[in-house]
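Fold and geometry: a report
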Protein chains: 2
Amino acid sequence: MTTSAKHTELRQLVRSQLLLLLESNNLQGAKSLLVPVQPVDIAEAIEDLPESMQVIAFRLLSKAEAIEVYEYLDSSVQQALIQKFKRQEVREVVDQMSPDDRVRLFDELPAKVVRQLLEQLSPEERQATNLLLGYEEDTAGRVMTPEYISLKETFTVSETIERIRQQASKSEIIYYLYVTNASRQLVGIVSLRDLVVSEPDLPLSEIMTRDVVSIHTDTDQEEVARTIQRYDLLALPVVDREDRLVGVVTVDDVIDIIEREATEDIYALGGLQTDGDNYFQMNLWTVARQRVVWLFVLLITNTFTGWIISSQQSLLEQVVILAAFIPLLTGTGGNVGAQSSTVVIRGLNTDDLNDLGPAKVVGREAIAGALLGAILGIVVIVWAYFLQGNLAVAISVGISLVAIAVLASVAGSSLPFLFRYLGLDPALMSAPFITTAVDVIGVLIYFNIARVMLRL
Amino acid sequence: MTTSAKHTELRQLVRSQLLLLLESNNLQGAKSLLVPVQPVDIAEAIEDLPESMQVIAFRLLSKAEAIEVYEYLDSSVQQALIQKFKRQEVREVVDQMSPDDRVRLFDELPAKVVRQLLEQLSPEERQATNLLLGYEEDTAGRVMTPEYISLKETFTVSETIERIRQQASKSEIIYYLYVTNASRQLVGIVSLRDLVVSEPDLPLSEIMTRDVVSIHTDTDQEEVARTIQRYDLLALPVVDREDRLVGVVTVDDVIDIIEREATEDIYALGGLQTDGDNYFQMNLWTVARQRVVWLFVLLITNTFTGWIISSQQSLLEQVVILAAFIPLLTGTGGNVGAQSSTVVIRGLNTDDLNDLGPAKVVGREAIAGALLGAILGIVVIVWAYFLQGNLAVAISVGISLVAIAVLASVAGSSLPFLFRYLGLDPALMSAPFITTAVDVIGVLIYFNIARVMLRL
């Protein structure tokens, strides 16, 4: 029962058996099938079911389990279920969700449905939800949970443990306890570990840590993630402008943030603008809309290149073989530039770049570009001569390649810095400009070198 | 003292002042400067110092703090310091490091230094280190810590708390406690939270959870990360082939794994092969070596394309303007293909793709490609006609663009599945093959359509 292999087996069993049991109307069998299964795996099995069966399966769960499973469901399934819930079920499930998960769900629902749901929540939960909905998207305020345990510094260890016993079920995280003063300002932190190993009658003021790392409600979620990662924390307290404690961001939310941000970066580098939704669940029009923008920009770039090439028509008519090397030059330039911009963009978004300034990074990349250009250039000269037998053309291609590789490295490494300085997303902006620089300037370099070499 | 803004100020102050104080030999001042600073921030400040000063600054720290700071240092600085450590310091710092961090350091040191260091460790720590070093790189065995608290199910809550008091300092994580049977097999898990809220004389068997999610020592670290993320855990127990508990992977290590793996994926998509080191700390020869492989592959691809173009020399000599649209067609095809492969590769590496089969994904991408090709094709026909005034050429370009977009989408979405099926890394393998398919086949399609349209 404990090994991962058996665990994966169970997961697959549930996914294959649940539908069969429900179709044969064997609800008792389905219920017992789900007993040893983890909530996230039950959620996965429910997502696999046809829509009509989802609510049936969901109702087999105990109240406590239903809430957990619901939090793990995809937001599309959450939305479908909510339409089918009775008033009573909304109270049981949505009211008991943790506020940050609830806000994530409400973000995706139509405003009208959100208003109806808010009315059905208990006053306490409604207040918590409204608080979170009041903060900007992608900030600490939006992803935090307002359910934490806060204590006064005069409490003793044993009083505190008693309090935790009472409040444990209401708080998402109890491994860190926050100590506040009379104005609700955060003054210290006590870990459950500290509590357990301390003498029962010590006051918290004696065991708490006073240097607390905290963030503001309007801190960007990416910085929240970096901070938790940097200090190896399980949770991070969130304070308002007056340093009053208002919530806590937990490490499990941070893992999801890091992964979502990485996906956004990867998509941006691959030429897709996304708004964080799952690509594979979008309809094809949304897909086309998100992809076509970037393709258009690059199309315009390529048209420029085409225009440059056709302006050299007389040269091409004399030595038509020059055209054969254009894809090689622009292609290699594009690849060198993509490599440089990839490492710089990723470096800017993680701690890898540390404190190397732009000048140092761009200088390094220029040298790397020259090195790569020289290696590839020599190969290309031999290759091109062997292929076409025209030494002047071959040398033109080789020299151009060195120049283009340096140009591409410099553009690829400097533009991300520039865009960040201008407050634009480097991952999204860099590629089109790098391609333009490399293609247009690269082709011009090539034709001019060829003109000199061929004495035309 | 608690807000993030003040915190960042302090960080910057330390970085700017530490060197000044050390240079003026004001060791007492430097020491007091570091008192309120978090270990990771001290590590950062030490990394900034010239090498000769690093060991001086390090020796200002208390023993307990020195160990923590050392774990946060870059491995290059850790290595430089270790050469300067006295035998006594090695015992104090390296011996006290957590075993997983120590193994990460040992992985980078020369074998001879590792042997010397191992001799200086206490027998207990030497054993823990050797155990971890025995597992394959990038597996759970290598990243786990063997320092966890394991208990018998007959222990009562109060006995357990007593035990934690004694062992807390030796264990990296005490929020989960693991219950094992007589053969050291994992049979249950108790959270510190469960302990605190339970009656003192209950036995663990009554409060523990028996359905434990665990992994094997040889599980790939990426799967370890997925599992922790999926089940929202703070730590994950690691068992051997006989289901015996041998270690624990903690969530802070998992965050680093997720980020490293994302960087590897991003680099691979950008055409760099990395081995997980920080790109900005590599020397330029390593950089060139890691980048040139992919550039060579693409160079060969581009030479193919060049060869195809030059084989059409007679056609080009008749209608030289056809050459002007080659970059546009191959460029757009490459971009459409890159978009498709980006989403599929990221989908394979996260849970986003869920259980959509290859056929469904490739079919979807083919339709998206046709849609994008049609939109762009119409624009290009107008544009090309306006630019060159040759309608037959313009229509050839437009039709080719639709065909190439579909081809690129299908290649871009199907090749990652194929490479994964063959056990190769899709992120690393896909791009060259997609480019080849799009460039070579795309240019052939273009020339043949042009031949028909121009009746040549």
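The structure presented is a predicted model; accordingly, all values stated were derived computationally and were not measured. (Residues numbered from 1 in each chain as written. Chains lettered and ligands numbered in written order. Predicted model: local features only at pLDDT ≥ 70, side-chain atom pairs only at ≥ 80, totals over all residues.)

**A closer look at the overall build of chain A**
Within chain A, the secondary structure is distributed over 22 helices and six strands. Overall, chain A is about 90 × 60 × 45 Å in size when its C-alpha atoms are taken along their principal axes. Within the span of chain A, comprising 456 residues, buried residues form 46% of the whole. Partitioning the contacts of chain A with sequence separation of at least 6, the portion at a separation of at least 24 is 69%. (Helix = DSSP H or I, 4+ residues; strand = E, 2+ residues; numbered from the N terminus. Buried ≥ 20, exposed ≤ 12 C-beta atoms within 10 Å, placed from the backbone. Contact = placed C-beta atoms within 7 Å.)

**Thoughts on the interface of chain B and chain A**
The interface is formed by 104 residues belonging to chain B together with 104 residues belonging to chain A. Split by residue class, the side of chain B that touches chain A holds 61 nonpolar, 27 polar and 16 charged. (Nonpolar A, V, L, I, M, F, W, Y, C, P; charged D, E, K, R; others polar.)

**Topic: the sheet that holds strand β5 (residues 235–239) of chain B**
All names here are of chain B. Taking strand neighbours across the sheet as the criterion, the three strands line up as β4-β5-β6 in an open arrangement whose pairing is mixed. What marks the edges here is a single partner per strand, and that holds for β4 (215–216) and β6 (245–250). Along the sheet, helix α15 (residues 221–231) makes contact with β4, β5 and β6, crossing β5 at roughly 135°. Strands in contact with helix α16 (residues 251–269) are β5 and β6; relative to β6, the strand with the most contacts, it is inclined by about 60°. (Pairing = 2+ DSSP bridges. Axes fitted to C-alpha atoms, helices over the stretch in contact; angles between N-to-C directions.)

**Side note on the relation of the copies chain B and chain A**
Between the two copies, chain B and chain A, the superposition gives an RMSD of 0.0 Å; the rotation angle is 180° and the shift along the axis is 0.0 Å. These values place the two chain copies in the arrangement generated by a two-fold rotation axis. Mapped onto chain A, 100% of the interface residues of chain B again fall at the interface, so both copies present the same surface. (Least-squares fit on C-alpha atoms with pLDDT ≥ 70 in both.)

**Section: the domain arrangement of chain A**
Residues and elements named next belong to chain A. Per the domain assignment, the segments of chain A are domain 1 (4–136), domain 2 (150–260) and domain 3 (279–453). Distance from the C-alpha centre of domain 1 to the C-alpha centre of domain 2: 29 Å. With four residues of domain 1 at the contact, the number on the domain 2 side is four residues. Residues that form the side of domain 1 that touches domain 2 fall into these classes: one nonpolar, one polar and two charged. (Domains from an automatic or database assignment.)

**Observations regarding the sheet that holds strand β1 (residues 150–151) of chain B**
Sheet architecture is open: three strands sit in the order β1-β2-β3 (chain B), paired in mixed fashion. Either end of the sheet is taken by a strand with one partner, and the two such strands are β1 and β3 (186–191) of chain B.

**Looking at helix α5 (residues 63–72) of chain A**
Residue pairs three or four apart in sequence face the same way in an α-helix, which turns once every 3.6 residues. All of the buried residues along α5(A) are Val69(A), Tyr70(A), Glu71(A) and Tyr72(A). Tucked into the core, α5(A) has its buried residues touching α3 (39–48), α6 (75–84), α7 (87–93) and α8 (99–108) of chain A.

**Observations concerning the nonpolar core**
The biggest cluster of nonpolar side chains holds 104 residues, and the ones touching the most others in it are Tyr178(A), Val224(A), Leu236(A), Val249(A), Val224(B), Leu236(B) and Val249(B). Non-local contacts of Tyr178(A), meaning those with residues more than four positions away in its chain, are made with Tyr148(A), Ile149(A), Ser150(A), Leu186(A), Ile189(A), Pro237(A) and Leu245(A). Ranked by size, the runner-up nonpolar core spans 90 residues in total, among them Ala323(A), Ile434(A), Ala324(B) and Ala384(B). (Core = buried A, V, L, I, M, F, W, Y, C linked by C-beta atoms within 7 Å.)

**Structural notes on unusual backbone geometry**
The backbone of Asp243(A) shows a phi angle near 65°, a positive value even though the residue is not glycine. With respect to the secondary-structure elements, Asp243(A) resides in the loop between β5 (235–239) and β6 (245–250).

**Things to note about the packing of helix α21 (residues 391–421) of chain B against helix α22 (residues 426–454) of chain B**
Residues and elements named next belong to chain B. Contact pair α21 / α22: the axes reach a minimum separation of 8 Å and the direction vectors enclose 155°. On the basis of the axis angle, α21 is roughly antiparallel to α22. Note that α21 runs across α22; the crossing there is right-handed. Considered class by class, the residues forming the contact of α21 with α22 number 25 nonpolar, five polar and one charged. (Parallel < 35°, antiparallel > 145°, perpendicular 65-115°, else oblique. Left-handed = near helix turned anticlockwise from the far one by under 90°.)

**Observations regarding α15(B)**
The set of residues buried in α15(B) consists of Gln221(B), Val224(B), Ala225(B), Arg226(B), Thr227(B), Ile228(B) and Gln229(B). Residues of α15(B) that are buried in the fold lie against α16 (251–269) of chain A together with α11 (140–143), β4, β5, β6 and α16 of chain B. Where α15(B) terminates, the next one or two residues include Asp232(B), which has phi positive at roughly 50°.

**Focus: the pairing of β3(B)**
Residue and element names in this part refer to chain B. β3 sits mainly inside the fold: five of its six residues count as buried. Bridging between strand β2 (residues 176–180) and β3 involves five bridges; their strand directions are antiparallel. Bridge pairing in β3 links Tyr176 to Ser191. In sequence, β2 turns back onto β3 through a hairpin of five residues, with Arg184 there showing a positive phi of about 65°.

**So, the pairing of β6(A)**
All names here are of chain A. Where burial is concerned, most of β6 is hidden: six out of the six residues are buried. Relative to β6, β5 runs antiparallel, the two sharing five bridges. Following the sheet pairing, Pro237 is matched in β6 by Val248. Between the antiparallel neighbours β5 and β6 lie five residues, among them Asp243 with a positive phi of about 65°.

**Observations regarding the environment of Ile42(B)**
Residue and element names in this part refer to chain B. Relative to the helices and strands, Ile42 is located in helix α3 (residues 39–48). The exposure class of Ile42 is buried, given the 25 C-beta atoms found within 10 Å. Sequence separation of Ile42 and Tyr70 is 28 residues, and the distance between their C-alpha atoms is 9.5 Å. Leave out the neighbours within four places in its chain, and Ile42 touches Leu34, Val37 and Val69.

**A short note on the confidence of the model for chain A**
Residue and element names in this part refer to chain A. Averaged over all residues, the pLDDT of chain A is 85; the fraction at 70 or higher stands at 96%. The least confident element of chain A is helix α1 (residues 4–23), whose mean pLDDT is 78; the most confident is helix α21 (residues 391–421), at 93. Both scores are available for the predicted complex, with the pTM at 0.78 and the ipTM at 0.78. (pLDDT = per-residue confidence, 0-100.)

**Notes on the packing of helix α17 (residues 284–311) of chain A against helix α22 (residues 426–453) of chain A**
Residues and elements named next belong to chain A. Viewed as axis vectors pointing N to C, α17 and α22 meet at an angle of 5°, and their least axial separation amounts to 9 Å. Considering the angle they form, α17 stands roughly parallel to α22. Judged by residue contacts, Trp294, Val297, Leu298, Thr301, Asn302, Phe304, Thr305, Ile308 and Ile309 of α17 engage Pro432, Thr435, Thr436, Asp439, Val440, Val443 and Leu444 from α22.

**Details of the environment of Ser158(A)**
All names here are of chain A. Checked against the element boundaries, Ser158 lands in helix α12 (residues 157–167). Its 14 C-beta neighbours within 10 Å are what place Ser158 among the partly exposed residues. When the C-alpha positions of Ser158 and Pro200 are compared, they lie 4.8 Å apart, and in sequence the two are 42 residues distant. Setting aside residues up to four positions removed in sequence, Ser158 forms contacts with Pro200 and Asp201.

**Some words on the environment of Ala288(A)**
Tracing the sequence through the fold places Ala288(A) in helix α17. With 19 C-beta atoms counted inside 10 Å, the residue Ala288(A) sits in the partly exposed group. Separated by 249 residues in the primary sequence, Ala288(A) and Pro39(A) have C-alpha atoms spaced 35 Å apart. Contact partners of Ala288(A), with chain neighbours within four places excluded, come to Ala368(B), Leu371(B) and Leu372(B).

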